[in-house]
Amino acid sequence: MASSTVRPTPQDRPEEDDVARRLLHSAAVLAYDPATEVDWDTPLDRDFHGASPEWCSLYGTPYWQELTDAQRKQLTRQEAASVASTGIWFEMILQQMVLRDVYMKDPTSAEVQWALTEIAEECRHSIMFARGAEKLGAPAYRPKRFAMELGRAFKTLAFGEAAYAAILVAEEVLDVMQRDWMRDERVVPFVRTINNIHVVEESRHMKFARDQTSKRLSGAGRLRRQINALVVAIASYYIVTSMVNPKVYANAGLDEKRALAEAKANEHHKSMMRSSCSGLMEFLASSRLLTRPALAFYKRAHLI
């Protein structure tokens, strides 16, 4: 009789490890080191935008029409830095949730090894975003205190599908806008490189998050889905509404009060956000996570 203490070989692992194995292979074949891939040494060229102008919160407003070309570029640089800072905030939450999720699992499994690989990539991304924001000449933007405290609670308490679905929302929203930025020759080259690195590596993270969300929801009852749908929607609302810090307008030399009012009423930007989330909303709907209470938060965040 074979000993019960013999560990299974990779071939004996359950099929649920298949996705993790493919992601580990992808990371081994295609991964970046931002410390060497990004041009950190060349001084910032202020003739470039920090993000595609169409993604600017003021694009299409009367205030945007009044801005000089230099002011528009400075505003997009500040907004890109704000988005990066929000990304750092949520990546720190993500890393803690994933590490907590695999804490008691078998470290020889592909799932745990992929989770640790993802954490390592997210750590590099956070450093990359921080250096990028600094090079753009921006301060360390932070979400509002209430959002920060909610994030503290979420990273401590969220688990299973709630954690992975929230991770997916944050990554999917960033992914769509960054795909535009990395292809846009109006955007400063080092930011395009940062976006390319993030898009390539986050595609693996999104695949894992979708897979984990579906697996954790398998067999979940109605009450569990209702609760988690609301938790994910609330988390999504605060992530998305924290992306553009109100201070970006003053730091770009604009009238903060007027800019904030026009940004809040900007239908173009709301449309861009909704279009970026169409695939995500389809996935959440197929997972039965678009409940009526959850929809209220997605609509407030202009994600649907």
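Above this text sits the structure in question.
Source: prediction; values computed, not measured.

**Student:** Just to check I follow, could you spell out the overall build of the protein for this structure?
**Tutor:** A tally of regular secondary structure across the protein gives 14 helices and zero strands. The N-to-C order of helical and strand elements in the protein reads α-α-α-α-α-α-α-α-α-α-α-α-α-α. Relative to its length of 304 residues, the protein is compact, with a C-alpha radius of gyration of 20 Å against a globular reference of 19 Å. Principal-axis analysis of the C-alpha atoms gives the protein an extent of 80 × 45 × 30 Å. For the protein, the residues scored as buried account for 52% of the 304 residues in total. For the protein, the accessible surface area stands at approximately 14700 Å², while carbon and sulfur atoms represent 56% of it. Seen as two clouds, the 40 positive and the 39 negative side-chain charges of the protein have centres 7 Å apart.

**Student:** Would you take a moment to explain the environment of H302 for this structure?
**Tutor:** With respect to the element layout, H302 can be found in the segment after α14 (292-300). Residues H302 and A115 lie 187 residues apart in sequence; the distance between their C-alpha atoms is 31 Å.

**Student:** Honestly, the pattern of salt bridges in this entry has me stumped. Any pointers?
**Tutor:** Opposite charge on two side chains allows them to pair when their charged atoms are near. All chains considered together, the criterion is met by 19 salt bridges. One salt bridge connects R21 with D18, and the closest N-O pair in it is separated by 2.7 Å. Taken together, the positions of R21 and D18, both in helix α1 (residues 18-29) and three residues apart, correspond to about one turn of that helix. What makes R21 partly exposed here is its relative accessible area of 26%.

**Student:** Where do I start with α1 in this structure?
**Tutor:** Here α1 spans 17 Å end to end across twelve residues, near enough to the 16 Å set by a 1.5 Å rise per residue. Regarding α1, the residues found buried are V19, A20, L23 and A27. One side of α1 holds all its buried residues, which, seen down the axis, span an arc of 95°. Facing away from the buried side of α1, by more than 90 degrees, are the exposed residues H25, A28 and V29. Close packing links the buried residues of α1 with α5 (110-135) and α8 (189-217).

**Student:** So what exactly am I meant to see when it comes to the nonpolar core here?
**Tutor:** Most often, soluble globular proteins have nonpolar side chains that are buried together. Core analysis: the biggest nonpolar cluster contains 93 residues, and L58, L75, F90, M177 and F190 have the highest contact counts within it. Those residues in contact with L75, other than ones at most four positions away along the chain, are C56, L58, W64, L67, V248, Y249, A252 and L254.

**Student:** How do you make sense of the packing of aromatic side chains when you look at a structure like this?
**Tutor:** Any aromatic ring pair is given by two values, namely how distant the centres are and how the planes are angled relative to each other. Summed over all chains, the structure comprises seven aromatic pairs. For the pair W114 and F208, a centre-to-centre distance of 6.3 Å together with 70° between the ring planes defines the contact as edge-to-face. Highlighted residues: W114 in helix α5 and F208 in helix α8, separated in sequence by 94 residues. Take W114: its relative accessible area is 0%, and that puts it in the buried class. Residue classification places F208 among the buried positions, given a relative accessible area of 2%. Here Y237 and Y238 contribute two aromatic rings whose centre-to-centre distance is 5.0 Å and whose plane-to-plane angle is 90°, an arrangement assigned as edge-to-face. The class for Y238 is partly exposed, based on a relative accessible area of 23%. Every member of this aromatic cluster is reached through a ring pair, and the members are F146, Y237, Y238 and F297. Over the aromatic face of F190 sits the side chain of K135, whose NZ or CZ is 4.6 Å from the ring centroid.

**Student:** Got a minute to help me understand unusual backbone geometry in this structure?
**Tutor:** Leaving glycine out, the prevailing phi sign among residues is negative, and the prevailing peptide bond configuration is trans. Even without glycine at this site, R288 takes up a positive phi of about 60°. Position of R288 relative to the elements: it lies in the loop between α13 (278-286) and α14. Although it is not a glycine, H302 adopts a positive phi angle of roughly 60°.

**Student:** Would you mind going over the environment of L30 with me for this structure?
**Tutor:** As for its position among the elements, L30 is in the loop between α1 and α2 (34-37). In this structure L30 comes out as partly exposed when scored by relative accessible area, which is 38%. Sequence separation between L30 and R300 is 270 residues, and the spatial gap between their C-alpha atoms is 37 Å. Discounting residues that sit within four places of it in the chain, L30 has contacts with V200 and R204.

**Student:** Got a minute to help me understand the side chain of E172 in this structure?
**Tutor:** Note on placement: E172 falls in helix α7 (residues 160-183). For E172, a relative accessible area of 10% puts it in the buried group. Once you skip the residues sitting within four places of it in the chain, E172 turns out to touch M206, R210, S276 and L280.

Each value, and the rule that gives it
Residues numbered from 1 in each chain as written. Predicted model: local features only at pLDDT ≥ 70, side-chain atom pairs only at ≥ 80, totals over all residues. Heavy atoms only, no water. Helix = DSSP H or I, 4+ residues; strand = E, 2+ residues; numbered from the N terminus. Rg over C-alpha atoms; globule rule 2.2 N^0.38 Å. Buried < 20%, exposed > 50% of the residue type's maximum accessible area, 1.4 Å probe, protein only. Areas by Shrake-Rupley, 256 points an atom, 1.4 Å probe, with all protein chains shown as cover. Lys, Arg positive; Asp, Glu negative; His and termini not counted. Charge placed at Lys NZ, Arg CZ, Asp CG, Glu CD. Salt bridge = Lys/Arg side-chain N within 4 Å of Asp/Glu carboxyl O. Expected span 1.5 Å × (residues − 1). Arc of directions from axis to C-beta. Contact = heavy atoms within 4.5 Å. Core = buried A, V, L, I, M, F, W, Y, C linked by side-chain atoms within 4.5 Å. Phe/Tyr/Trp six-rings, centres within 6.5 Å; stacked < 30°, edge-to-face > 60°. Lys NZ or Arg CZ within 6 Å of the ring centre and 35° of its normal.

So, to be careful, I would describe these as geometric facts and stop short of saying anything about function.
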